[in-house]
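# Survey of secondary and tertiary structure
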Amino acid sequence: DTAVSQTPKYLVTQMGNDKSIKCEQNLGHDTMYWYKQDSKKFLKIMFSYNNKELIINETVPNRFSPKSPDKAHLNLHINSLELGDSAVYFCASSQGTSGQETQYFGPGTRLLVL
Amino acid sequence: AQSVTQLDSHVSVSEGTPVLLRCNYSSSYSPSLFWYVQHPNKGLQLLLKYTSAATLVKGINGFEAEFKKSETSFHLTKPSAHMSDAAEYFCVVSLGGTYKYIFGTGTRLKVLA
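Residues numbered from 1 in each chain as written. Chains lettered and ligands numbered in written order. Predicted model: local features only at pLDDT ≥ 70, side-chain atom pairs only at ≥ 80, totals over all residues. Heavy atoms only, no water.

Residues and elements named next belong to chain A. The calculated volume of the largest pocket comes to roughly 210 Å³. Along the walls of the largest pocket sit 15 residues, with Q37, A87, V88, R110 and L111 positioned nearest its centre. Where the lining of the largest pocket is concerned, the elements lending two or more residues are β2 (10-13), β9 (87-94) and β11 (109-113). Here the lining of the largest pocket is composed, by residue class, of seven nonpolar, five polar and three charged. By volume, the second largest pocket is sized at about 180 Å³. Broken down by element, the residue count for the lining of the second largest pocket peaks at three residues, all from strand β5 (residues 43-50). Split by residue class, the lining of the second largest pocket holds six nonpolar, one polar and four charged. (1 Å grid on protein atoms, 1.4 Å probe; cavity = no way out; pocket = protein on both sides within 12 Å on 5 of 7 lines; lining within 4 Å. Points joined across faces, edges and corners; volume = space filled by probe spheres on them. Helix = DSSP H or I, 4+ residues; strand = E, 2+ residues; numbered from the N terminus. Nonpolar A, V, L, I, M, F, W, Y, C, P; charged D, E, K, R; others polar.)

Right, let's get into unusual backbone geometry. Residues and elements named next belong to chain A. The linkage connecting T7 with the following residue, P8, adopts the cis geometry, with an omega of -5°. By secondary structure assignment, the location of P8 is in the loop between β1 (4-7) and β2. Its identity as a non-glycine residue notwithstanding, K41 has a phi of 75°, on the positive side. With respect to the helices, strands and loops of the structure, K41 is situated in the loop between β4 (31-37) and β5. Phi at S80 is positive, roughly 45°, even though this residue is not glycine. Relative to the elements of secondary structure, S80 occurs in the loop between β8 (73-78) and β9.

Per the counting criterion, the structure on display carries seven salt bridges over all chains. The shortest N-O distance in the salt bridge between K58(B) and E64(B) comes to 2.8 Å. Here the residues in one salt-bridge network are R63(A), E82(A) and D85(A), joined through shared partners. (Salt bridge = Lys/Arg side-chain N within 4 Å of Asp/Glu carboxyl O.)

A separate point is the interface of chain B and chain A. Each partner contributes residues to the interface: chain B has 25 residues there, and chain A has 22 residues. Regarding the contact of chain B and chain A, the summed buried area is about 1,900 Å², with carbon and sulfur atoms giving 55% of it. The interface formed by chain B and chain A includes zero salt bridges. Linking chain B to chain A there are six residue pairs in polar contact (both at pLDDT 80 or more). Going through the elements one at a time, β5 (32-38), β6 (44-50), β10 (87-95) and β11 (100-103) of chain B are the ones with two or more residues in the side of chain B that touches chain A. When residues in the side of chain B that touches chain A are grouped by element, the largest group, four residues, is from β5(B). Taken together, the residues that form the side of chain B that touches chain A break down as eight nonpolar, twelve polar and five charged. (Contact = heavy atoms within 4.5 Å. Buried area = accessible area lost by both parts, 1.4 Å probe. Polar contact = N/O pair within 3.5 Å; in protein donor to acceptor, adjacent residues only side chain to side chain.)

So this is what it looks like as C-alpha cells:
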C-alpha cells in the first residue's frame with residue numbers, strides 16, 4: 001500500500017495554464033507538506049498544514065494555493081503557470097509537529113511548463 | 001538561524017569500499033538531524049535520524065551517522081558501498097517547534113564497479 005501518493009506523476013502544460021496536483025496519505029498523520037525541488041535538486045518547503053490549518057507558508061507566489069479538504073489530503077493549485085514553475089513537487093506527511101518526527105515523502109510530480 | 005551544509009556535491013567510491021558523506025549544521029537549539037536518500041526519479045526515503053538520544057545512529061541498508069556536537073557534524077558512513085547505493089543523499093536539520101525541515105544541497109554518490 002502506498003503511504004503518500006501524488007497525482008499526476010508527470011504534468012506537461014503551457015505557460016498561463018492553471019493546474020492542480022493532488023496528494024493523499026493513508027498513514028493517519030495530522031501534518032502534511034508541499035516541497036519544491038528545482039533543477040539542481042535543491043529542496044525547499046512551500047507549505048505545511050496541521051489538522052487542515054495552514055502553519056507554514058513560505059515566500060511562495062500567491063499563484064500557488066494549497067487546499068486541505070481533510071487531514072489525509074493536501075492539494076496544490078497553481079494559477080497562471082510560468083516557465084520557472086518547472087520543477088518536481090513533493091508532498092510529505094508526518095505525525096505531530098515537534099520537528100523530531102520523520103516526514104514521509106510521496107514519489108513526486110514532475111511539472112514541465114512550456 | 002538554522003542551516004545545513006553538505007561539504008561535497010559529488011562523491012565517487014569503488015564498490016566494496018567505505019562511504020563518507022559529510023554534513024555540518026548550524027543550530028541555536030538542540031537539533032534533530034536526518035539523512036534521506038533519493039534514487040533517480042524517485043521520492044525521498046529516510047535512512048536514519050538523530051533526536052537527542054544515542055549519538056551514534058544506525059539506519060537502514062548498513063548506513064550509520066554520528067552526531068558530534070563539538071564539531072557540529074552529522075556525517076553519514078557505510079563500511080562497504082554497494083552498486084545500489086548510487087543515489088542523491090540529503091542531510092536535513094529540523095527546526096524544533098516550527099515543523100520545518102531545512103535541506104542541505106545534496107551529495108550525489110557514485111559507486112564504481
